[in-house]
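Residue strings, one per chain:
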Amino acid sequence: MSFGLLENDLMITCSAPGKIYLFGEHAVVYGEPAIACAVELRTHVSAKRSDAVTISSGLGTTGLDYEIHPYVSSVIEKLGVMEISVDISSDLPVGSGLGSSAAVTIATLAAINTELGLGYSHRELARMGHEIEQEVQGAASPTDTFVSTFGGVVEITSRKRLDSLDCGIVIGNTNRPKKTAVILEEVKRRIKDFPDIMDSVIKTIGSITKRGEISVLEKDYRSLGRLMNINHGLLDALGVGTAELSALVYAARNAGAFGAKITGAGGGGCMVALTDSPLKVASAIEAAGGQAIITRSTPLGVVQE
Ligand SMILES: Nc1ncnc2c1ncn2[C@@H]1O[C@H](COP(=O)(O)OP(=O)(O)OP(=O)(O)O)[C@@H](O)[C@H]1O
Ligand SMILES: C[C@@](O)(CCO)CC(=O)[O-]
Ligand SMILES: [Mg+2]
């Protein structure tokens, strides 16, 4: 008797990591390669059979709601599920360049997949996650959802897994959230207005990624950092820099970081620095007005907790 009750009370929890980009955000949307790295900041999603759809997160409690919970509502719609309750908590700042949308999408797909025994593979979850980011944002590369599913340091577009990053990673948050969908639209408009110039910028970012892959494989963090600095300049050229992001980038470099750049969509949100003195870089970021997060690379993608 109590056995049945206990079974009904069980819920499935899955978590998926956020990510930083070493190279190639934005350019990857236009077919150039990128290298991203899963980090030890995760989104946790619990799913439980229920008599209706309920979504609870730091953003509020709703049913299917494409304004407040567009990614999670799209997951539920894609899986064709009408009786599920989903509860979300996250270490990741939302709308800040660390792949919070991909992490919530992949962790929700995995939690419902397990709770309802739908039988999708990780590869299928990554594919569905990518489709959802494309639908919600109007455009998306497979990078964030792939890294959130499989973890590690990954080269997109080949989906090749590279060696882990052994140096310190310090993230600097400007605490100015933005929406990736809006930033993508702005970049698209700039490319349309100045096609020759912007095409060269996009292609040069692709060249940096290709050269950067060698530095990742050789664990040559000094060259890696110098290439990240060049990539930052080109993200500024794409128009996704802000004065606050640059202040944190320069503070990190002046504190001895190997390199520092915007990570993710930009327009606010976070920058990232690689360093062998994370505490020193973190305090420089804080002194420049940012919120510092010291983290590490993780090989762990989406998992059941
Ligand atoms: N913990 C969460 N709970 C509910 N929704 C979330 C959560 N985290 C992210 N989201 C959804 O993702 C959106 C933010 O995604 P967006 O792509 O704009 O930024 P990001 O993924 O944090 O940064 P980037 O795409 O640059 O890496 C939020 O507006 C919300 O819809
Ligand atoms: C800006 C972008 O390149 C990275 C967002 O984390 C968008 C994408 O790749 O989907
Ligand atoms: Mg996102």
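Treat the numbers as computed from the prediction; the structure is a model and nothing was measured.

Procedures and definitions
Residues numbered from 1 in each chain as written. Chains lettered and ligands numbered in written order. Predicted model: local features only at pLDDT ≥ 70, side-chain atom pairs only at ≥ 80, totals over all residues. Heavy atoms only, no water. 1 Å grid on protein atoms, 1.4 Å probe; cavity = no way out; pocket = protein on both sides within 12 Å on 5 of 7 lines; lining within 4 Å. Points joined across faces, edges and corners; volume = space filled by probe spheres on them. Helix = DSSP H or I, 4+ residues; strand = E, 2+ residues; numbered from the N terminus. Nonpolar A, V, L, I, M, F, W, Y, C, P; charged D, E, K, R; others polar. Expected span 1.5 Å × (residues − 1). Buried < 20%, exposed > 50% of the residue type's maximum accessible area, 1.4 Å probe, protein only. Arc of directions from axis to C-beta. Near = heavy atom within 4 Å. Polar contact = N/O pair within 3.5 Å; in protein donor to acceptor, adjacent residues only side chain to side chain. Areas by Shrake-Rupley, 256 points an atom, 1.4 Å probe, with all protein chains shown as cover.

Would you mind showing me how to read the layout of surface pockets here?
To find the voids left in a structure, one rolls a probe of water-molecule size over its atoms. Size it by volume and the largest pocket reaches roughly 910 Å³. Forming the walls of the largest pocket are 43 residues, and the residues nearest its centre are Y71, V94, G95, S100 and S101. Contributions of two or more residues to the lining of the largest pocket are made by β1 (12-23), α2 (70-79), β5 (84-90), α3 (100-115), α4 (122-137) and α6 (180-193). Taken together, the residues of the lining of the largest pocket break down into 19 nonpolar, 17 polar and seven charged.

Help me understand α6 in this model?
Helical periodicity: at 3.6 residues per turn, an α-helix aligns residues three or four positions apart in one direction. The terminal C-alpha atoms of α6, which comprises 14 residues, lie 20 Å apart, in line with the 20 Å expected from a rise of 1.5 Å per residue. Taken together, the buried positions of α6 are occupied by I183, L184, V187 and I191. All buried residues of α6 lie within an arc of 100 degrees about the axis, which places them on one face of the element.

Got a minute to help me understand unusual backbone geometry in this structure?
Of all residues except glycine, most have a negative phi; of all peptide bonds, most are trans. Phi is positive for R159, close to 65 degrees, though the residue is something other than glycine. In this structure, R159 sits in the loop between β6 (153-156) and β7 (160-162). With a phi angle near 55 degrees, K219 is a residue other than glycine that sits in the positive phi range. One can find K219 in the loop between α7 (195-218) and α8 (221-238). Judged by its relative accessible area of 31%, K219 falls in the partly exposed class.

Please explain the site of ligand 2 as it appears in this structure.
Close to ligand 2 lie K19, Y21, E25, H26, V28, V29, A140, S141, D144, G264 and A265. In this structure, an oxygen atom belonging to ligand 2 sits 2.8 Å away from a main-chain N or O atom of H26. In this structure, an oxygen atom belonging to ligand 2 sits 2.6 Å away from a side-chain N or O atom of S141. Compared with its free state, where it exposes 300 Å², ligand 2 has 98% of that area covered by protein. For the shell around ligand 2, the per-class residue count stands at five nonpolar, three polar and three charged.

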